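Close look at the chain arrangement
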Amino acid sequence: MEFIKELLQFLKARKKMWLMPLIVILLLLSALVVLSSSSALGPFIYSLF
Amino acid sequence: MPSIVLGISAFYHDSAAVLLIDNEIIAAAQEERFTRIKNDSAFPVNAIQFVLAEAGVDGNDLSAVAFYEKPLLKFERLLETIHSVVPQGAFSFIKAMPMWFKEKLFIKQIIRKELKKLGARKDLLILFPEHHLSHAASAYYPSPFSEAAVVTIDGVGEWTTTSIGYAKGNNITILKEQHFPHSIGLLYSAFTYFLGFKVNSGEYKVMGLAPYGDILNEQTVSYIDKIKTVLIDIRNDGSYLLNMHYFAFASELKMIHVKKWEKLFGIEKRKPETELLQAHKNLARAIQEVLNDIIIMLAQTARQLTGSNQLVLAGGVALNCVANARIIEEGIFSDVWVQPAAGDAGGALGAAYAAANIWFKQPDRKSGACDAMKGCQLGPHYDTAAIKKLIAPFGAAYKYYNDFNELTRFIAKEISKGKIIGWFQGKMEFGPRALGNRSILADAFSADMQSILNVRIKQRESFRPFAPAVIENDTHLYFNATRPSRHMSFTFKQLDKISAPAVIHVDGSARIQTVNKNVHSRLFQLLEAYKQETGHSLFINTSFNQRGEPIVCTPKDAYLAFMQMKLDWLVMGDFVFDYTLQPENNGPKERKFEAD
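Residues numbered from 1 in each chain as written. Chains lettered and ligands numbered in written order. Predicted model: local features only at pLDDT ≥ 70, side-chain atom pairs only at ≥ 80, totals over all residues. Heavy atoms only, no water.

This part takes up the overall build of chain B. What chain B contains, in helices and strands, is 18 helices and 22 strands. Its C-alpha atoms give chain B a radius of gyration of 23 Å, near enough to 25 Å, the size a compact globule of 596 residues would have. When the backbone C-alpha atoms are referred to their principal axes, chain B occupies close to 65 × 65 × 50 Å. Residue burial in chain B is summarised as follows: out of 596 residues, 63% are buried. Total accessible area on chain B stands at roughly 21800 Å², and carbon and sulfur atoms take up 51% of it. Chain B carries 66 positive and 62 negative side-chain charges, and their two centres are separated by 3 Å. (Helix = DSSP H or I, 4+ residues; strand = E, 2+ residues; numbered from the N terminus. Rg over C-alpha atoms; globule rule 2.2 N^0.38 Å. Buried < 20%, exposed > 50% of the residue type's maximum accessible area, 1.4 Å probe, protein only. Areas by Shrake-Rupley, 256 points an atom, 1.4 Å probe, with all protein chains shown as cover. Lys, Arg positive; Asp, Glu negative; His and termini not counted. Charge placed at Lys NZ, Arg CZ, Asp CG, Glu CD.)

And the structure:
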């Protein structure tokens, strides 16, 4: 809960609430990746992500 | 109540922990030294335990913890990058996401959980200075200056890739920033990748390869022209834009579009560990020249913006001692200081300093005479009893010297005979350089020593140069050094007379360490003994590790490395080990390290 509160405060302060739908979509897709047991970080080259 | 701040860097590369008490560095160490995994990015549990124990405090005594960057701001950059490039690279982002949702977004919770195990309060203050503010703080606060221009350059932090600031007293003001994806750190890494080296660890190999390139060769000139006209648009103030048509790092899990680079430069991407052609050397020279030009422009802009006559530098690119030397040569500043742990490990130090100075407004401790890094001797140290205990299981043969002068005279003589020495003394260094506490030492005047050390001992590329440790007051006899260089942060040109092939690069430069009697006293004593024996004031000082292995930390690490590399002698404290007298079953052990 603390994290969600902080995330919302951060997005509001930065005027980036428009990123919220993207976060939800990515959360769902990454859940799919985890559930389908594929490698979390394939050909990892540079830790920009 | 003293102010006790724990600085942490983690989760990208080279995790570290640092402890400051009342603005003084008490201890600092990288996690890789304990886990024996090079550039370990895991949460630095071992390093934290060490720095707390070294200071004799526990989690409950901490005033605050400072993490070296802002995870949410980094996440914002990631999301906006996805938004700007999707559908390109969408799958790469999705693959990276579980890591974010699993740990990278929950760093505060992880810190709280881990420190609770070490006795920290539930309401412990956790601060998140920005990545480049952490670098800036690591450059300024431990420097000898009480005001300075600050330049930080690395791959990328949250958004910032390059910054210029001004620091005075307790304050640092950021004046100018360059944002992702435009990054000279990433540009240099892209060339590192194209030249067949590992990104994030092979950059210094490109720097070492560059002098083999011919600056007068038409090919090198055309490479420089192509870089400056096609890959990067450089403005007079040192700001720049990358041509993202050629780079893939913003949208995929790779650095560049290889085919486009091959077409641009007319050569294939070099496969790792294959032969280095003159074209590769010329390309390394070309990118090093471009980097030098940009850094000089940035330094000039920093001088103009701040009016300061002193410069401090940090960020991974500040480990490029060739570019640092160019700033000195240009005479833009009267003095330049570089944070020796300029990469992300040093971010832990900067985060702690930022918390102590900006948040807690701790009184300034600067003496003005020298920096606050204590010669980087901030890691674990082992006394005679500890060495004896840790070596006992090996049944090793050794001689104990009651008189250290006698020991140095003996070892100096052995170095002069061409023998190779593992040298383990006092506190382990913080940062990437071995400065005489976890070092391999050898004769610099031997014609074949560079090849022996590179190929036989360290099992790495034969072109790589070694650094000399030289008595500080005798530096002028060998090099055109105008200042002490105690952390190997600059290269200097040799004077005409010297003939030390193992430490002089093909362009006549050397990445020297000037050894001061009061900073690295035991190494200084050995150099003095060596001078008496040979008349020379310098020898090779390279890190005590094999290729891909973190620098040794404990007596056990040192003994195993000594046995595997078949060094002639190992000196640990006042103990001297002769390789020929060691039990046969002690080595060489099969210790596997991934090549860097």
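Facing 43 residues of chain B, the contacting portion of chain A comprises 27 residues. When the two sides are added together, the surface that chain B and chain A hide from each other amounts to roughly 3200 Å², 73% of it contributed by carbon and sulfur. Taken together, the connections running from chain B to chain A amount to 6 salt bridges. Between R14(A) and E76(B) there is a salt bridge, with the nearest N and O atoms lying 2.7 Å from each other. Of all the elements in the fold, those that place two or more residues in the side of chain B that touches chain A are α3 (71–85), α4 (90–102), α5 (107–116) and α7 (184–194) of chain B. Broken down by element, the residue count for the side of chain B that touches chain A peaks at 10 residues, all from α3(B). Residues that form the side of chain B that touches chain A fall into these classes: 27 nonpolar, 7 polar and 9 charged. (Contact = heavy atoms within 4.5 Å. Buried area = accessible area lost by both parts, 1.4 Å probe. Salt bridge = Lys/Arg side-chain N within 4 Å of Asp/Glu carboxyl O. Nonpolar A, V, L, I, M, F, W, Y, C, P; charged D, E, K, R; others polar.)

Turning our attention to the packing of helix α15 (residues 404–416) of chain B against helix α17 (residues 521–534) of chain B. Helix-helix packing: each pair is described by the crossing angle between the helix axes and the interaxial distance. Residue and element names in this part refer to chain B. Closest axis-to-axis distance for the α15/α17 pair is 8 Å, and the angle between their directions is 55 degrees. Relative to α17, α15 is oriented oblique. Considering only the axes of α15 and α17, their crossing is right-handed. Within the contact between the two elements, α15 uses F404, N405, T408, R409, I411, A412, K413, I415 and S416 and α17 uses R522, Q525, L526, A529, Y530, E533 and T534. Looking at side-chain class alone, the contact of α15 with α17 contains 7 nonpolar, 5 polar and 4 charged residues. (Axes fitted to C-alpha atoms, helices over the stretch in contact; angles between N-to-C directions. Parallel < 35°, antiparallel > 145°, perpendicular 65-115°, else oblique. Left-handed = near helix turned anticlockwise from the far one by under 90°.)

Attention shifts here to the side chain of S485(B). Residues and elements named next belong to chain B. Inspection of the secondary structure puts S485 in the loop between β16 (468–471) and β17 (492–493). Judged by relative accessible area, which is 2%, S485 ranks as buried. Residues within four places of S485 in sequence aside, it is in contact with F490, F492, I512, Q513 and T514.

Here we take up the environment of K374(B). Residue and element names in this part refer to chain B. For K374, the position within the fold is in the loop between α13 (344–359) and α14 (384–391). Note on K374: relative accessible area 36%, which makes it partly exposed. Residues K374 and E429, 55 residues apart in the sequence, show an inter-C-alpha distance of 9.7 Å. For K374, the residues in contact, after removing those within four places along its chain, are E24 and I25. Only 2.7 Å separates the side chain of K374 from the backbone oxygen of I25, close enough to count as a polar contact. (Polar contact = N/O pair within 3.5 Å; in protein donor to acceptor, adjacent residues only side chain to side chain.)

So, on to the sheet that holds strand β7 (residues 160–168) of chain B. Residues and elements named next belong to chain B. Taken together, the 5 strands give an open sheet; going across it, the order is β8-β7-β6-β11-β12, and neighbouring strands pair in mixed fashion. Of all strands in the sheet, those bounded by a partner on one side alone are β8 (171–179) and β12 (335–338). Between one strand axis and the next, the sheet turns by 20 degrees as a mean value, whatever way the strands run. In terms of strand pairing, strand β6 (residues 147–153) meets β7 through 7 bridges, oriented antiparallel. (Pairing = 2+ DSSP bridges.)

This part takes up the packing of helix α9 (residues 218–231) of chain B against helix α10 (residues 258–265) of chain B. All names here are of chain B. Packing of α9 against α10 brings their axes to within 10 Å, and their N-to-C directions diverge by 130 degrees. The orientation of α9 with respect to α10, classified from their angle, is oblique. Judged by residue contacts, Y223, K226, I227, V230 and L231 of α9 engage W261, L264 and F265 from α10. When the residues that make up the contact of α9 with α10 are grouped by side-chain class, the tally is 7 nonpolar, no polar and 1 charged.

What follows is about a nonpolar patch on the surface. Taken together, the side chains of M1(A), I4(A), L8(A) and M17(A) make up a nonpolar region of the molecular surface, amounting to roughly 430 Å² of accessible area. Tracing the backbone shows M17(A) in the loop between α1 (2–13) and α2 (20–35). (Patch = residues over 30% accessible without salt bridge, like charges linked within 9 Å, V, L, I, M, F, W, Y side chains within 5 Å.)

All names here are of chain B. Counted according to the given criterion, the structure contains 34 aromatic pairs over all chains. Seen in terms of ring centroids, Y401 and F410 are 6.4 Å apart; in terms of plane orientation they differ by 25 degrees. Their pairing is stacked. Residue class for F410 comes out partly exposed when judged on its relative accessible area of 26%. Seen from their ring centres, F404 and W423 are 6.2 Å apart, and the 45 degrees between their planes marks the pair as tilted. A residue pair is termed long-range when its members are at least 10 positions apart, and F404 in helix α15 and W423 in strand β14 (residues 421–424) qualify at 19 residues. The burial state of F404 is the same as that of W423; both residues are buried. (Phe/Tyr/Trp six-rings, centres within 6.5 Å; stacked < 30°, edge-to-face > 60°.)

What follows deals with the nonpolar core. All names here are of chain B. In this structure, L6, F247, W261, F265, F479 and F544 are the most contacted members of the largest nonpolar core, which totals 228 residues. For this core, the leading source of residues is helix α11 (residues 278–306), giving 14 residues. Dropping the residues within four chain positions of it, F247 is found in contact with L187, A190, L231, L242, M255, I256, H257 and W261. (Core = buried A, V, L, I, M, F, W, Y, C linked by side-chain atoms within 4.5 Å.)

Our next topic: helix α6 (residues 131–140) of chain B. Residues and elements named next belong to chain B. Where burial is concerned, most of α6 is hidden: 9 out of the 10 residues are buried. Of all the positions in α6, only H131, H132, S134, H135, A136, A137, S138, A139 and Y140 are classed as buried. Against the buried residues of α6 lie β6, β7, β8, β11 (310–314), β12 and α13.

Glancing now at the confidence of the model for chain A. Scored by pLDDT, chain A comes out at a mean of 77, with 73% of its residues at no less than 70. Note that residues 40–46 of chain A has pLDDT below 50 and, in this model, 19 contacts with residues that lie over four places away or in other chains. (pLDDT = per-residue confidence, 0-100.)

Residue and element names in this part refer to chain B. Residues A64 and A66 of strand β4 (residues 64–67) are buried on one face, and the alternating residues V65 and F67, pointing to the opposite face, are buried as well. Examined bridge by bridge, strand β1 (residues 4–9) and β4 share 4 bridges and lie parallel to one another. Its bridge partner lying in β4, V5 is registered against A64. When β4 meets strand β5 (residues 126–127), the two strands line up parallel, connected through 2 bridges. By the bridge assignment for β5, V65 is matched with I126.

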